[in-house]
Every structure is written in structure tokens, then in C-alpha cells.
Amino acid sequence: METRRSEQKSSGLQSECSGTAGSRTFISGVVEGFYGRPWTMDQRKDLFRKEQKWGLNTYLYAPKDDYKHRMFWREMYSPEEAEQLRTLIAAAKEYGVDFIYAISPGLDITFSNPREVSTLKRKLGQVSGFGCRSFALLFDDIDADMCGADRKVFPSCAHAQVSLTNEIFRHLGEPETFMICPTDYCGTFCSPSVSESSYLRTVGDNLLQGIEVLWTGPKVVSNSIPVESIEEVSKVLKRAPVIWDNIHANDYDQKMIFLGPYKGRSTDLIPKLRGVLTNPNCEFEPNFIAIHTLSTWCKSHGNGARRDVVMTAEGDSSRDPGREDEEEEQEAEELYSPRQALRLALAEWLEEFGEPYKYGKGSSEEPMDTDKTGSGEGVAPMQTDQEAGPYAPGPEERPLYTAEPLTLGDLALMADLFYLPYEHGPRAVAMLKELHWLRANSAVLAQGPEGEAGEKVAEWRSRAKKFVYMFKAVDKMYTRVCNSANRNLVYDLYPYILEIKSITSVAKEFVNWLGSHTTSSAQFLGGDQEPFSFKGGITGEFQRMLPNDGAHDLFRQPAKTYSVRPYLPMDEAAVNKMSRDMDSEGVGSPASPEKPYSMEDRVSVPIVPHCDGTVSPSRLTEGPLGFSPDHGFILEDDEGICGYALGTVHAKAFLGTDKTSRTPDAQEKHGKSDSQKGASSKGTEEMMRNLPEAFLARFPSLIKAQIHTKVTETSVAKRMMGCLLSLLKSSGSQGAFCTVKQSDTRMLDLYRALGHFEEVKVEGIQNDVMIMGRSL
């Protein structure tokens with residue numbers, strides 16, 4: 001692989017990752033902040049060596065399972081532990097890496113207790129005595145509620161955390177590098193939003209300048225970190241954040257490992273950040289790619305000037321088969337290309353695996369440690385017939401197995417199979433697509449071999465061979481990785497490559513069975529499968545039962561194409577007809593023993609209940625006749641209108657002034673007169689016009705929606721309602737409400753599952769009516 005890289009001596013490496021945030025060096029490196037077995041001291045020293053080599057400059061010590069870092073933070077380090085830390089800090093300094101010691105006292109500290117604060121100062125003072133000059137206080141993943149003693153002193157947990165952090169910062173002499181990880185450390189944790197978060201505003205307004213703030217992005221594990229999101233949080237924090245990046249973290253699911261490149265972060269972020277620290281896989285050895293590609297990303301914007309550090313690789317065996325030429329050209333033109341950065345990392349990582357593993361007479365490495373002490377010194381742990389020499393098979397016997405060297409293509413395949421949290425690599429996607437197509441089109445094999453049917457059969461068998469070829473590539477990759485000399489690296493990767501090799505092997509047999517039906521079908525159709533046929537144990541059983549909208553099913557596609565558009569006056573007739581049709585079908589009526597509700601029923605009922613304050617209460621279950629919306633949206637499929645969502649911004653004025661429901665024309669339009677509706681309905685109408693001021697101040701907008709029973713995808717109804725709620729919010733509304741009948745158990749079940757809306761208790765509301773509200 002031919003690449004163009006700038007050659008530098010170690011003395012100039014830090015400037016590679018310098019940003020434009022003042023004159024201070026851009027923080028770049030690794031945070032050991034995952035849950036699980038911490039790395040060893042030797043692994044950390046190896047990390048420092050790699051960081052120096054690749055131009056990274058920081059290591060943040062924060063392993064969650066170091067009990068003196070988090071759970072028992074008050075305890076001082078023993079002499080033995082102190083010596084280890086002292087040695088580690090010295091090693092980091094030797095390699096030009098800033099060692100940041102982090103402590104997490106937030107689980108049980110009493111912020112207002114001077115003895116607790118003194119204990120924390122004493123603990124950090126001990127670490128300072130080891131030679132550490134950089135520190136961090138972490139308040140992540142803790143309960144934000146304060147104890148009674150703290151509530152008497154601090155207005156909020158944010159005030160308590162900032163007060164403690166400022167005091168510790170001053171106590172340590174305002175070190176050049178000092179960080180805090182807030183409890184709300186990502187966008188999804190901020191309520192109601194990042195820009196309006198009172199917690200973040202307290203941190204930004206009161207935290208001393210010189211203290212850095214750690215931030216994971218829009219999510220805990222952010223698929224992408226837009227420049228706009230960093231600009232937003234920087235404005236609130238009044239400083240550029242340091243990204244604690246969990247894109248390669250796998251401590252939340254030990255069945256996954258991530259070998260894809262650093263991705264989803266534009267290099268335009270670099271001047272707007274104080275730094276980036278990756279919190280990678282728990283397994284140390286496979287983090288080569290995560291750290292290497294982060295280094296490449298940082299170098300693309302050294303000293304605030306964008307630089308091209310990655311070039312195309314001619315003749316690269318790891319190039320993606322079947323990728324579009326224009327896509328490849330686009331990547332080659334980018335200043336940082338994730339795929340090119342991955343190729344650079346793989347080429348260097350290949351050297352880490354070493355030669356194929358050897359065992360036997362004259363081998364350079366033994367398969368297990370030998371006991372060199374006592375009388376057994378120099379004796380192998382197993383007895384072998386040394387005089388007979390190595391066994392050689394006869395001419396008619398199977399030849400000896402010969403270990404093959406690992407290739408760059410093997411590593412590229414492995415990286416694609418274990419790519420990133422939100423996406424698979426190209427080869428993995430290709431395998432999934434082929435298997436899906438083969439399964440979906442296997443019926444063609446029952447057709448004859450002539451004509452068009454014969455061509456379809458030939459295509460199926462050709463693609464089946466292609467899938468088997470793909471499996472063989474996985475099988476060879478597995479074997480070559482397992483035979484690598486770097487056993488520590490092999491042991492870290494083994495559980496993952498064994499599982500992917502096993503499941504693709506079963507998939508290959510399934511394809512063979514589809515093609516012949518001569519192989520035993522017990523593995524696929526019988527009830528006595530092997531345990532490895534069911535991955536995930538009890539966790540997998542639960543996951544298969546849950547309606548997970550966020551599941552990344554590559555082939556789950558809606559049966560129809562739907563569109564959402566604004567409501568127009570000309571839609572009124574079609575909307576009213578749809579609503580009357582729904583009423584005639586009994587949608588919204590309670591279930592009967594003859595027709596119990598199914599899950600399919602639940603997802604096809606209206607997402608938002610019928611409501612209307614100014615018209616007769618019968619229209620709580622009828623169409624939007626007489627409803628004059630400020631905003632509205634229509635849901636359409638190929639056959640026409642199949643849903644609507646209407647809203648009026650100022651419900652108070654609408655409820656108090658609209659009299660259309662009492663006009664003769666309106667009554668005729670409904671097909672009912674007031675005399676037919678009864679006193680109870682009139683009472684409900686009066687109730688709706690007299691909602692309390694406090695209620696309307698909280699939920700000033702009124703909404704009404706309906707979706708046809710033929711729409712079974714809840715996502716399209718959510719999209720339509722999202723459009724309406726967003727428009728109401730942009731019009732200045734703080735909240736919206738609607739009503740639902742207590743007897744409408746289907747709607748109530750769906751509402752409770754859907755969330756967002758809450759039941760609002762209002763005095764004077766009849767027992768058979770429930771009001772649901774949502775803040776905007």
C-alpha cells in the first residue's frame with residue numbers, strides 16, 4: 001500500500017494535533033473509562049508507546065471497575081498500588097503523554113460535608129505525590145438527586161458539583177489540565193434541550209475558566225457529532241468541550257466488538273473542540289484501529305490548517321468489492337476518508353499479528369508456558385517421543401496441515417464484520433443481502449428449467465455459490481487469525497471471530513438445504529436444535545419479544561409508501577368521509593368477547609384520540625367536521641388519504657368563540673340535532689368550554705387526529721404527528737392536549753405504550769373522558 005505521510009521526530013508530535021482553541025495543545029488520546037476488567041500496567045505502557053508514535057498526547061485514567069477510583073474512592077492507595085501508579089505516571093511522562101487521573105466520588109459523596117471534601121483533597125494529594133499533574137472529577141452515571149443535607153445548602157446538584165469542582169481545582173493550584181464530566185454529558189440527557197438545560201447553564205455560568213468539560217455528543221454513543229451540536233453546547237458551557245467518544249466502546253454489549261474506523265465526525269470539528277479522547281473496546285489489543293484512525297483524523301487538521309494525510313492505495317487487496325467508482329473517488333478527494341484511514345491502520349496492524357503460529361521441534365514459540373524452575377528446568381510440560389522425530393503421513397493419507405499467513409484482506413473482512421455500532425461494513429452488508437435474497441427467492445427452484453423460469457433458477461444457484469464463497473472467506477479469516485503468533489491479540493478476538501464463523505457456517509448449510517432439500521432439515525425445521533442455534537440466551541429471548549423501533553433490521557421495509565403533506569381546504573370532504581367510514585367500522589369502541597384486540601389492532605388505531613372543544617361531544621368520536629385548524633397534515637398512500645392530524649394553536653379562543661356546532665347547518669352536516677344528543681353530551685360540551693386557566697396555560701393548543709385501520713406501521717403516524725407538534729411549537733405553543741374515552745381500551749393501551757403524552761387530571765371532567773396532554 002502506497003501512502004503519503006509526514007515524517008516527524010517525537011519532539012514534534014504534539015503539534016500534529018494542535019487546534020486553534022487558544023495557544024494550548026489540542027487534547028487527543030485515550031480514556032480508559034469503560035465498565036469491565038481494567039487494562040494491565042503493561043498494556044497501558046504499550047498504549048503510551050503507540051500514542052507517542054501516532055502523535056497523540058493524553059491518557060485519562062478512569063476504569064470504572066478500579067474500586068478506589070469509583071466505589072471506594074475515599075480509600076488511599078496501598079504502598080504496592082502507589083508504586084504501580086508512580087511507575088505508570090513516569091512511563092506516560094517518558095513517552096510525552098499527559099497522564100490525567102480521574103476520580104468518581106458522585107455515587108455517595110455529601111457535597112456539603114467539609115470532612116468529605118477534605119477526604120477527596122487528601123486522596124488527590126496522594127496521587128499528586130506520585131507525580132501526577134492533571135486531574136478530572138467525574139459525575140457520570142450517578143443519581144442526580146441530592147441527600148437532605150445537600151438540599152439545604154445547594155439549589156441543585158449542578159451547583160453542588162460545580163462548587164466542589166471549583167474548590168478542588170483551586171486546592172490543586174489550578175493545574176493546566178483539569179476536567180469535569182457532568183451528569184448530563186450528552187444531548188439526550190439534557191431537558192428540555194441542550195440550549196435550555198438549566199443543569200448545563202449552571203455549569204457554564206459557574207465553572208471556573210481553565211476547567212474543561214467532557215461531552216459525548218448528541219448521544220451516549222453518538223453515530224455522528226454535527227458541528228452545529230458542538231457550537232450549541234459550547235455556547236451554553238461558555239467553553240469548547242472535550243469529546244469523550246464512545247463510538248468504539250463495547251462495554252454495554254460484550255457480544256460486540258468494533259473494528260471500524262473513526263467516523264461520523266467532520267474534521268471541521270477540530271477547531272471548535274478542546275480535544276477528543278476515545279473510550280474504546282474493553283479488550284486492549286483490538287483497539288489498534290480505533291486509536292490509529294483517531295490519530296489520522298486529528299492529523300488532518302494540525303495547527304488549525306487542514307492537511308491531506310491520506311492518499312489512495314493502489315493495488316490494495318482490502319479494497320471494497322462492488323463499491324461504486326464515484327463513491328471511491330469521493331472518498332479519495334476527502335481530507336479525511338474513514339475507509340482510507342482504515343486501510344492505513346490495517347496495513348500497520350497486520351504486523352502486530354506476526355508470523356503464523358508454530359508448534360513443534362524448532363519452533364520459535366511454545367503453545368504454553370513451561371516451568372523452568374527446579375529439577376524440571378528446560379523440560380516441556382508434555383512428554384513427547386523426541387527420538388522418533390516428527391510424523392510424516394503416507395502418500396495415501398491426508399497431508400499435514402500448513403498454517404497460512406494472515407493477509408490484509410483477512411483483516412479488512414474482519415473489520416467489516418465488526419464495524420461500528422450503527423452500521424456494518426460493506427462485506428458484511430453484502431453477505432446479509434445475499435442471504436436475504438436467497439431466502440426470499442428460493443421458491444423459484446420449484447419451477448421448471450426452461451425459459452424465463454430456468455434463468456431465475458440459474459441466477460439463484462449462481463448467487464448461492466457466491467454466498468458459499470463469502471463464507472469460505474470468513475472461514476479462512478478465522479483460521480488465519482487463530483494461527484497468528486500474537487496470542488494475546490488472538491485471545492481478545494477469538495470469542496467474536498468464533499461466533500461469526502459459526503453463524504455463517506449455519507447460514508451456508510441453510511443455503512445448501514434451500515438449494516437441494518436433501519440435507520437433513522432438523523437443524524432448521526425441527527424442534528430439537530443444538531444450543532448454538534439460539535444466540536443470546538435469555539437476553540435474546542427477551543429482545544425477540546420486545547417491539548424495538550430502534551432495531552437495525554437491514555431488510556425491514558414498510559409494505560406501502562406513505563407521504564405526509566399539509567392539510568388543504570379541498571381535503572375536507574375526503575377527510576370527513578374517511579372519519580365516517582372509521583366510525584361505521586366501530587373504531588374506537590370497546591372490545592367485545594367476539595372480537596378481542598390483537599397486537600395488529602393496537603398498532604392500527606389512531607395515534608391521537610378524537611378531540612374538539614367547540615363542537616358537540618359526539619364529535620369526540622366522529623370526524624373533524626366544523627374543526628377549523630391553524631395547522632394540519634394529511635397522511636396519504638397510493639389509494640388516497642388515510643390519516644390526518646389537525647391542531648389549533650390557541651384553544652382558549654377557539655373554545656370560547658366558535659359556535660358552529662350549534663348552527664342548523666352544522667347540525668344537519670352531522671346528521672343529528674341537539675335534541676337527539678341528550679343532556680350528557682351538552683354537559684360535556686360545556687365542560688370543554690370551561691377548562692381551567694391553569695390547564696390551558698400549560699396546554700394552550702388543541703389537536704385532533706385519526707389514522708385509518710389499514711395503516712399498520714406506527715412510524716408513519718408518529719411522523720405525521722411529529723410534523724404537527726413541531727409546527728405548533730414553532731408557532732409559540734408550550735403544549736397541546738386532546739381527549740380519549742375511557743372505554744376506548746385499544747387507544748389507551750397504545751397511548752401508554754407510545755408515551756410522550758400524559759394523563760392530566762382536570763376537575764369537572766366526566767368519568768368517561770380522559771384528557772391527555774404533552775409539553776412542547
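Residues numbered from 1 in each chain as written. Predicted model: local features only at pLDDT ≥ 70, side-chain atom pairs only at ≥ 80, totals over all residues. Heavy atoms only, no water.

1. Re the overall build of the protein
Okay, step 1: Assigned secondary structure in the protein consists of 25 helices and 15 strands.
Okay, step 2: Taking all 776 residues of the protein together, 47% fall into the buried category.
Okay, step 3: Excluding contacts between residues fewer than 6 apart, the proportion of contacts in the protein whose partners are at least 24 apart in sequence is 76%.
Okay, step 4: About 38,300 Å² of surface is accessible on the protein, with carbon and sulfur atoms providing 51% of the total. (Helix = DSSP H or I, 4+ residues; strand = E, 2+ residues; numbered from the N terminus. Buried < 20%, exposed > 50% of the residue type's maximum accessible area, 1.4 Å probe, protein only. Contact = heavy atoms within 4.5 Å. Areas by Shrake-Rupley, 256 points an atom, 1.4 Å probe, with all protein chains shown as cover.)

2. Some words on helix α3 (residues 114–129)
Okay, step 1: End to end, α3 covers 22 Å across 16 residues, agreeing with the expected 22 Å (1.5 Å per residue, within 8%).
Okay, step 2: Of all the positions in α3, only Glu-116, Val-117, Thr-119, Leu-120, Lys-123, Leu-124, Gln-126 and Val-127 are classed as buried.
Okay, step 3: Each element contacted by the buried residues of α3 is listed here: α2 (79–94), β3 (98–103), β4 (134–138) and α5 (157–171).
Okay, step 4: Where α3 begins, the capping side chain belongs to Asn-113, and its oxygen is found 2.9 Å from the backbone nitrogen of Arg-115.
Okay, step 5: Just downstream of α3 lies Gly-131, where phi reads positive at about 105°. (Expected span 1.5 Å × (residues − 1). Polar contact = N/O pair within 3.5 Å; in protein donor to acceptor, adjacent residues only side chain to side chain.)

3. With respect to the pairing of strand β2 (residues 58–61)
Okay, step 1: The side-chain alternation of β2 yields two buried faces, one formed by Thr-58 and Leu-60 and the other by Tyr-59 and Tyr-61.
Okay, step 2: As defined by bridge partners, strand β1 (residues 27–32) adjoins β2 across four bridges and the pair is classed as parallel. Counted as the bridge partner of Glu-32 is Tyr-61 from β2.
Okay, step 3: Where the polypeptide runs from β1 across helix α1 (residues 41–54) and back to β2, its parallel neighbour, the crossover connection is right-handed.
Okay, step 4: Here β2 runs beside β3; their pairing, made up of four bridges, is parallel. Bridged to Thr-58 within β3 is Asp-98.
Okay, step 5: Following the backbone out of β2, through α2 and into the adjacent parallel β3, one traces a crossover that is right-handed. (Pairing = 2+ DSSP bridges. Right-handed = clockwise from strand over helix to strand, strands pointing away.)

4. Some remarks on empty space enclosed by the protein
The gaps of empty space that remain are located by a probe, the size of a water molecule, rolled over the atoms.
Okay, step 1: Taken as a whole and judged by the stated rule, the model has five cavities of 30 Å³ or more.
Okay, step 2: Size it by volume and the second largest cavity reaches roughly 50 Å³.
Okay, step 3: If you list the elements that add at least two residues to the lining of the second largest cavity, you get α1 and α8 (288–299).
Okay, step 4: Split by residue class, the lining of the second largest cavity holds four nonpolar, one polar and two charged. (1 Å grid on protein atoms, 1.4 Å probe; cavity = no way out; pocket = protein on both sides within 12 Å on 5 of 7 lines; lining within 4 Å. Points joined across faces, edges and corners; volume = space filled by probe spheres on them. Nonpolar A, V, L, I, M, F, W, Y, C, P; charged D, E, K, R; others polar.)

5. Thoughts on the pattern of salt bridges
Oppositely charged side chains can form a pair if their charged atoms are brought close together.
Okay, step 1: In the structure shown here, the tally under the stated rule is 28 salt bridges.
Okay, step 2: In this structure, Asp-108 and Arg-74 form a salt bridge, with 3.0 Å as the shortest nitrogen-oxygen distance. Taken as a pair, Asp-108 in the loop between β3 and α3 and Arg-74 in the loop between β2 and α2 lie far apart in primary sequence, 34 residues in all.
Okay, step 3: One salt bridge connects Arg-274 with Glu-212, and the closest N-O pair in it is separated by 3.1 Å. Residue Arg-274 is located in the loop between β7 (242–245) and β8 (275–278), and its partner Glu-212 is located in strand β6 (residues 212–215); the two are separated by 62 residues in the primary sequence. We note that Arg-274, like Glu-212, is buried. (Salt bridge = Lys/Arg side-chain N within 4 Å of Asp/Glu carboxyl O.)

6. So, the sheet that holds strand β13 (residues 735–741)
Okay, step 1: In spatial order, the strands read β9-β10-β11-β12-β13-β15-β14; together these seven strands make up an open sheet with mixed pairing. The open sheet has two free edges, formed respectively by β9 (563–566) and β14 (758–759), since each of these has just one partner strand.
Okay, step 2: As defined by bridge partners, strand β11 (residues 640–648) adjoins strand β12 (residues 701–707) across six bridges and the pair is classed as antiparallel. Looking across to β12, one finds that Thr-648 is bridged to Leu-702.

7. Remarks on the sheet that holds β8
Okay, step 1: If you walk around this closed barrel you meet the eight strands as β1-β2-β3-β4-β5-β6-β7-β8, and the pairing is parallel. When strand polarity is set aside, the average angle formed by the axes of neighbouring strands in this sheet is 25°.
Okay, step 2: Each of β4 and β5 (178–181) touches α5; the most contacted strand, β5, lies at about 165° to it.
Okay, step 3: Taken strand by strand, α8 contacts β1 and β8, and its axis lies near 170° from that of β8. (Axes fitted to C-alpha atoms, helices over the stretch in contact; angles between N-to-C directions.)

8. Here's the deal with the pairing of β6
Okay, step 1: Of the two faces of β6, the one holding Glu-212 and Leu-214 and the one holding Val-213 and Trp-215 are both buried throughout.
Okay, step 2: Across two bridges, the pairing between β5 and β6 is parallel. Note that in β6 the partner of Ile-180 across the bridge is Val-213.
Okay, step 3: The handedness of the β5 to β6 crossover, carried by helix α6 (residues 198–206), is right-handed.
Okay, step 4: With two bridges connecting them, β6 and β7 associate as parallel partners. Following the sheet pairing, Leu-214 is matched in β7 by Val-242.
Okay, step 5: In this view, the connection linking β6 to its parallel neighbour β7 by way of helix α7 (residues 227–237) has right-handed handedness.

9. Considerations on the nonpolar core
Soluble, globular proteins show a tendency: their nonpolar side chains are buried together.
Okay, step 1: If you look at the biggest cluster of nonpolar residues, it comprises 121 residues, and the most contacted ones within it are Phe-99, Tyr-101, Trp-297, Trp-349 and Met-414.
Okay, step 2: Sequence-distant contacts of Phe-99, that is, excluding residues within four places in its chain, are made with Phe-48, Tyr-59, Tyr-61, Leu-85, Leu-88, Ile-89, Ala-92, Cys-132 and Ser-134.
Okay, step 3: If you look at the next biggest cluster of nonpolar residues, it comprises 23 residues, including Tyr-562, Ala-645, Cys-738 and Phe-757. (Core = buried A, V, L, I, M, F, W, Y, C linked by side-chain atoms within 4.5 Å.)

10. Description of the packing of helix α12 (residues 426–440) against helix α13 (residues 451–482)
Okay, step 1: α13 packs onto α12 with a crossing angle of 145° between their chain directions and a minimal axis gap of 10 Å. Seen along the crossing, α12 lies across α13 with a hand that is left-handed. Together, Ala-430, Met-431, Glu-434, Leu-435, Trp-437 and Leu-438 of α12 and Glu-459, Trp-460, Arg-463, Ala-464, Lys-466, Phe-467, Met-470, Phe-471 and Val-474 of α13 make up the contact between the two elements.
Okay, step 2: Looking at the contact of α12 with α13, its residues break down into 11 nonpolar, no polar and four charged. (Left-handed = near helix turned anticlockwise from the far one by under 90°.)

11. Side note on the confidence of the model for the protein
Okay, step 1: In this model, the protein carries an average pLDDT of 77, and 69% of its residues clear a pLDDT of 70 or more.
Okay, step 2: Residue range residues 1–22 is modelled with pLDDT below 50. Its contacts to residues more than four positions away, or to other chains, number 48 contacts.
Okay, step 3: Confidence drops under a pLDDT of 50 for residues 360–386, and excluding neighbours within four residues, the segment shows 19 contacts in the predicted structure. (pLDDT = per-residue confidence, 0-100.)

12. Details of the packing of aromatic side chains
Okay, step 1: Considering all chains together, one arrives at 20 aromatic pairs under this definition.
Okay, step 2: Relative to Phe-178, the ring of Phe-169 lies with its centre 5.4 Å away and its plane at 50°, an arrangement referred to as tilted.
Okay, step 3: Judged by its relative accessible area of 0%, Phe-178 is buried.
Okay, step 4: Between Phe-418 and Tyr-496, the aromatic rings sit 6.3 Å apart at their centres with planes inclined by 75°, giving edge-to-face as the arrangement. Of this pair, Phe-418 sits in the loop between α11 (408–417) and α12 while Tyr-496 is found in helix α14 (residues 487–516), placing the two residues 78 residues apart along the sequence. Side by side, Phe-418 and Tyr-496 carry an identical accessibility label, which is buried.
Okay, step 5: Cluster of aromatic residues (ring-pair linked, three or more members): Phe-48, Tyr-59, Tyr-61, Tyr-77, Phe-99 and Tyr-101.
Okay, step 6: Here the basic side chain of Lys-64 rests over the ring of Tyr-35, its NZ or CZ set 5.4 Å away from the ring centre.
Okay, step 7: Just above the ring of Tyr-262 sits the side chain of Arg-265; from NZ or CZ to the centre is 5.6 Å. (Phe/Tyr/Trp six-rings, centres within 6.5 Å; stacked < 30°, edge-to-face > 60°. Lys NZ or Arg CZ within 6 Å of the ring centre and 35° of its normal.)

13. Regarding unusual backbone geometry
Okay, step 1: Residues Ser-191 and Pro-192 are joined by a peptide bond in cis, for which omega reads -5°.
Okay, step 2: Its location among the elements puts Pro-192 in the loop between β5 and α6.
Okay, step 3: One non-glycine residue, Glu-174, lies in positive phi territory at about 50°.
Okay, step 4: Looking at Glu-174, the relative accessible area reads 47%, which means it is partly exposed.
Okay, step 5: One non-glycine residue, Lys-238, adopts positive backbone phi at about 60°.

14. Section: a nonpolar patch on the surface
Okay, step 1: Among the surface-exposed residues, Tyr-67, Met-71, Phe-72 and Leu-107 lie close enough to one another that they form a single nonpolar patch of about 410 Å² accessible area.
Okay, step 2: Here Tyr-67 shows up in the loop between β2 and α2. (Patch = residues over 30% accessible without salt bridge, like charges linked within 9 Å, V, L, I, M, F, W, Y side chains within 5 Å.)

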